[in-house]
Amino acid sequence: MQDSVSSPVASPETPPAASVEEAPEAPSEASSGERSEASAQAPSKAPSKAPSTARSTARSTASSTVATVLRLLGAARVGALGLVAVRRPGVRPPLDVRQTCASMLAAVPAYGLLSYLAWDLSASGLPEEFADGLRFLMAASALAGVVLAALAVPVRRGGHVLWRAAQAGAVVALGVSLSALYTAARLADTPLLLAGTLAAVASIVVNIALWSTEVRRWCGL
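A brief look at the structure comes next. No experiment lies behind these values; they were computed from the predicted model shown. (Residues numbered from 1 in each chain as written. Predicted model: local features only at pLDDT ≥ 70, side-chain atom pairs only at ≥ 80, totals over all residues. Heavy atoms only, no water.)

1. Digging into the overall build of the protein chain
When helices and strands are tallied, the protein chain shows 9 helices and 0 strands. Shown N-terminal to C-terminal, the secondary structure of the protein chain runs as helices and strands in the order α-α-α-α-α-α-α-α-α. A sequence separation of at least 24 residues applies to 79% of the contacts in the protein chain between residues at least 6 apart. Surface accessibility of the protein chain: about 14100 Å² in total, with carbon and sulfur atoms responsible for 67%. (Helix = DSSP H or I, 4+ residues; strand = E, 2+ residues; numbered from the N terminus. Contact = heavy atoms within 4.5 Å. Areas by Shrake-Rupley, 256 points an atom, 1.4 Å probe, with all protein chains shown as cover.)

2. Notes on the pattern of salt bridges
For the structure shown, the criterion picks out 2 salt bridges. Here D132 and R135 are joined by a salt bridge, their closest N and O atoms 2.9 Å apart. On the criterion of helical spacing, the pair formed by D132 and R135 is a turn pair, its members being 3 residues apart in helix α5 (residues 128-150). Since its relative accessible area comes to 40%, D132 is described here as partly exposed. (Salt bridge = Lys/Arg side-chain N within 4 Å of Asp/Glu carboxyl O. Buried < 20%, exposed > 50% of the residue type's maximum accessible area, 1.4 Å probe, protein only.)

3. Overview of the packing of helix α4 (residues 95-122) against helix α8 (residues 190-210)
One can describe the packing of α4 onto α8 by two numbers: an axis separation of 9 Å at closest approach and a directional angle of 155°. The angle between α4 and α8 places the two elements in the roughly antiparallel class. For the element pair α4 and α8, the recorded crossing hand is left-handed. On α8, the residues touching T100, S103, M104, A107, A110, Y111, L113, L114, L117, A118 and L121 of α4 are P191, L192, A195, G196, L198, A199, A202, S203, V205, V206, A209 and L210. Class assignment of the residues belonging to the contact of α4 with α8 gives a composition of 19 nonpolar, 4 polar and no charged. (Axes fitted to C-alpha atoms, helices over the stretch in contact; angles between N-to-C directions. Parallel < 35°, antiparallel > 145°, perpendicular 65-115°, else oblique. Left-handed = near helix turned anticlockwise from the far one by under 90°. Nonpolar A, V, L, I, M, F, W, Y, C, P; charged D, E, K, R; others polar.)

4. A few points about the packing of aromatic side chains
Each aromatic ring pair is described using two quantities: the centre-to-centre distance and the angle formed by the ring planes. Per the counting criterion, the structure on display carries 1 aromatic pair. With a centroid separation of 6.0 Å and 40° between ring planes, the pair formed by Y116 and W119 is classed as tilted. In this pair, Y116 and W119 are both assigned in helix α4, 3 residues apart and thus about one turn of the helix distant. With relative accessibility at 47%, the residue Y116 sits in the partly exposed group. (Phe/Tyr/Trp six-rings, centres within 6.5 Å; stacked < 30°, edge-to-face > 60°.)

5. Observations regarding the environment of A202
Residue placement: A202 occurs in helix α8. Residue A202 is classed as buried on the basis of its relative accessible area of 17%. Once the C-alpha coordinates of A202 and L174 are considered, the two residues, 28 residues apart in sequence, prove to be 8.5 Å apart.

6. With respect to α8
Taking 1.5 Å per residue, 21 residues should reach 30 Å; α8 reaches 30 Å between its end C-alpha atoms and fits that length. Taken together, the buried positions of α8 are occupied by L192, A195, G196, A199, A200, A202, S203, V206, N207, A209 and L210. On the buried face of α8, the contacting elements are α4, α5, α6 (152-157), α7 (160-187) and α9 (213-219). For α8, the capping residue at the N-terminal end is D189, with a side-chain oxygen 2.9 Å from the backbone nitrogen of L192. (Expected span 1.5 Å × (residues − 1). Polar contact = N/O pair within 3.5 Å; in protein donor to acceptor, adjacent residues only side chain to side chain.)

7. A few points about the packing of α4 against α7
Look at α4 against α7: their axes get within 12 Å of each other, and the N-to-C directions meet at 35°. Considering how the two elements wind past one another, α4 and α7 form a crossing that is left-handed. Mapping the contact onto sequence places M104, Y111, L114 and L121 in α4 and A166, A173, L174, V176, S177, A180 and L187 in α7. Residue composition of the contact of α4 with α7, by class: 10 nonpolar, 1 polar and no charged.

8. A few points about unusual backbone geometry
One non-glycine residue, A188, lies in the positive phi region at around 55°. As for its position among the elements, A188 is in the loop between α7 and α8. On the accessibility criterion, A188 (66% relative accessible area) is exposed.

9. Here we look at the side chain of S103
With respect to the helices and strands, S103 occurs in helix α4. Ignoring sequence-local partners within four residues, the contact set of S103 consists of V205, V206 and A209.

What follows is the structure in structure tokens.
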């Protein structure tokens, strides 16, 4: 009797043990499937972040470049205004300073005439060696007149740096007028000779005036 009771009880215990051991395997398979799907989706998301990062970097670089350029332009503007600023507000320049500015402006028509005559001669069919020299003389005369006219106002306002620049420009203008006289002598051209003489006299007057005592005191330190 004891054997018959124990055998039916022991036989049903075997299947539940197997079912309990096999049940937890389903979630592990599901989790492995989710990981594989996540790993498959991860590379697709990575390239989408790269262009956005590159765009933000480019925008920050462009904004920093624009800020730097604006800062440099502002500094240049302040420096330029400082060069031509009135150093003695409300004080009238001395007579020698006003006459110097007038002589600088009066030299402009002489160099304009010299530039025009050089251009006219260069287009008159002269040999190439003379034509090249006349073109250079035309450009140099026009540039000398523009420089003298542009630096007249800063000298009147007492700008020290541009007063030195006006002195250098006046010396260059004198050299241009002497070159015109040499070219006129080679070509035996009377109008060019007269224009060169007029420009030379004007530049000599400007050079003397820029080194006068009153102008040096007005534009000095």
